[in-house]
Amino acid sequence: MSNIQFVKIKELCSYNNVKKEVQSLLNDDDQVSFLPMADLEEFGYYSLPKQDRALFEVYKSYTYFKENDLLIAKITPCFENGKMGIAKNLTNMVGFGSSEYHVLTPNKKISVEYLYYFFCQGFIRERGIKHMTGAVGHKRIPIDFLVNQKIPLLTYEKQILLVSKLDQAFEAIDQAIANTEKNIENVEDLEKSYLNSMFNSTETVTNCKLGEIIEFVNGFAFKSSEKVESSDTQLIRMTNLYMNEFNLNRNPVFYPNHF
């Protein structure tokens with residue numbers, strides 16, 4: 001690592017695009033992608049907007065971004081939760097979204113995917129929390145914090161190679177998580193099936209008098225101060241010992257120390 005150059009993000013990216021450039025590209029009625037904060041996922045990688053709006057509807061109030069820009073939520077708790085993603089598949093290559101986005105546009109020296117993975121690191125968010133400004137509940141991360149972070153500047157080819165390895169690793173992790181969730185779902189289905197089969201059994205329940213299945217040896221009594229509490233226990237009194245019938249599917253619990 002000693003021969004790797006560390007460069008500030010602002011030397012590799014422009015940030016918070018100027019909206020006026022859109023006016024030279026599109027007409028007011030042209031459609032653009034719209035990405036509200038609710039649609040920006042936590043560590044979403046590629047962010048694919050689900051909505052389109054006419055340019056004139058979003059131009060004044062929302063943040064402008066372009067295809068392959070990196071969006072990072074700046075307001076709490078969205079920043080801490082990792083709401084970020086690379087803008088992809090934008091209508092007319094243009095998007096607008098929440099005013100609570102910071103937008104980074106990489107130059108030719110850095111891959112946007114490499115930049116994304118860099119900002120996924122936990123220490124970035126941990127440092128960022130200490131630099132947030134504003135009132136409680138409305139704190140924001142300043143753009144200066146993001147663009148002054150130093151990133152190891154690998155050759156572009158090495159960046160792509162590293163991104164490929166990270167993609168494969170996280171794909172394997174996602175698959176392992178999906179398999180685990182499926183296994184849990186299968187176990188839950190099995191438990192439900194077993195419970196249903198037990199409680200809806202067609203077998204005949206046999207009732208009998210307790211005296212028909214046990215031999216009475218001695219009696220017992222509880223003192224008035226004693227409390228016996230158990231949801232699965234039947235307390236059997238002497239007067240009922242032989243005369244009453246007991247459901248054999250609910251086993252009475254006997255306390256040997258009381259005999």
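The coordinates are above.
Residues numbered from 1 in each chain as written. Predicted model: local features only at pLDDT ≥ 70, side-chain atom pairs only at ≥ 80, totals over all residues. Heavy atoms only, no water.

1. Thoughts on the overall build of the protein
Turning to step 1, where the next piece is worked out: Along its length, the protein carries 6 helices and 13 strands.
Turning to step 2, where the next piece is worked out: Long-range pairs, those at least 24 residues apart, make up 78% of the contacts in the protein with a sequence separation of at least 6.
Turning to step 3, where the next piece is worked out: With an accessible surface of roughly 16900 Å², the protein has 52% of that area assigned to carbon and sulfur atoms. (Helix = DSSP H or I, 4+ residues; strand = E, 2+ residues; numbered from the N terminus. Contact = heavy atoms within 4.5 Å. Areas by Shrake-Rupley, 256 points an atom, 1.4 Å probe, with all protein chains shown as cover.)

2. Describing empty space enclosed by the protein
Turning to step 1, where the next piece is worked out: Using the criterion set out here, one finds 2 cavities of 30 Å³ or more in the structure.
Turning to step 2, where the next piece is worked out: Considered as a void within the structure, the largest cavity measures approximately 70 Å³ in volume.
Turning to step 3, where the next piece is worked out: Looking at the largest cavity, the residues that line it are Ile72, Ala73, Cys78, Phe79, Gly82, Lys83, Met84, Phe119, Ile124 and Arg125.
Turning to step 4, where the next piece is worked out: Elements represented by at least two residues in the lining of the largest cavity include exactly strand 7 (70-73) and helix 4 (122-131).
Turning to step 5, where the next piece is worked out: Classifying every residue of the lining of the largest cavity gives 7 nonpolar, 1 polar and 2 charged. (1 Å grid on protein atoms, 1.4 Å probe; cavity = no way out; pocket = protein on both sides within 12 Å on 5 of 7 lines; lining within 4 Å. Points joined across faces, edges and corners; volume = space filled by probe spheres on them. Nonpolar A, V, L, I, M, F, W, Y, C, P; charged D, E, K, R; others polar.)

3. Points about the sheet that holds strand 4 (residues 46-47)
Turning to step 1, where the next piece is worked out: Sheet architecture is open: 5 strands sit in the order 2-10-7-8-4, paired in mixed fashion. Here the strands that pair on one side only, and so sit at the sheet edges, are strand 2 (13-15) and strand 4.
Turning to step 2, where the next piece is worked out: The pairing of strand 7 with strand 8 (residues 84-87) spans 3 bridges and is classified as antiparallel. Paired with Leu71 across the two strands is Gly85, which belongs to strand 8.
Turning to step 3, where the next piece is worked out: Packing against the sheet, helix 3 (residues 112-119) makes contact with strand 2, strand 4, strand 7, strand 8 and strand 10 (101-106), and its axis sits at approximately 175° to strand 8. (Pairing = 2+ DSSP bridges. Axes fitted to C-alpha atoms, helices over the stretch in contact; angles between N-to-C directions.)

4. Here we look at the pattern of salt bridges
Turning to step 1, where the next piece is worked out: The tally for this structure, following the rule as stated, stands at 3 salt bridges.
Turning to step 2, where the next piece is worked out: We note a salt bridge from Glu21 to Lys66, for which the minimum N-O separation is 3.7 Å. With a gap of 45 residues between them, Glu21 in helix 1 (residues 20-23) and Lys66 in strand 6 (residues 63-66) connect regions that are remote in the sequence.
Turning to step 3, where the next piece is worked out: Residue classification places Glu21 among the partly exposed positions, given a relative accessible area of 33%.
Turning to step 4, where the next piece is worked out: For Arg140, the salt bridge identified is with Glu100, shortest N-O distance 2.7 Å. Taken as a pair, Arg140 in the loop between helix 4 and helix 5 (143-147) and Glu100 in the loop between strand 9 (94-97) and strand 10 lie far apart in primary sequence, 40 residues in all.
Turning to step 5, where the next piece is worked out: Given a relative accessible area of 14%, Glu100 falls into the buried group. (Salt bridge = Lys/Arg side-chain N within 4 Å of Asp/Glu carboxyl O. Buried < 20%, exposed > 50% of the residue type's maximum accessible area, 1.4 Å probe, protein only.)

5. Quick look at the layout of surface pockets
Turning to step 1, where the next piece is worked out: Empty space within the largest pocket amounts to approximately 260 Å³.
Turning to step 2, where the next piece is worked out: Surrounding the largest pocket, Phe43, Gly44, Tyr45, Tyr116, Tyr117, Cys120, Asp167, Phe170, Glu171 and Asp174 form its lining.
Turning to step 3, where the next piece is worked out: When residues of the lining of the largest pocket are traced back to their parent elements, those giving at least two are helix 3 and helix 6 (156-199).
Turning to step 4, where the next piece is worked out: At 4 residues, helix 6 tops the list of elements feeding residues into the lining of the largest pocket.
Turning to step 5, where the next piece is worked out: Considering only residue class, the lining of the largest pocket consists of 6 nonpolar, 1 polar and 3 charged.

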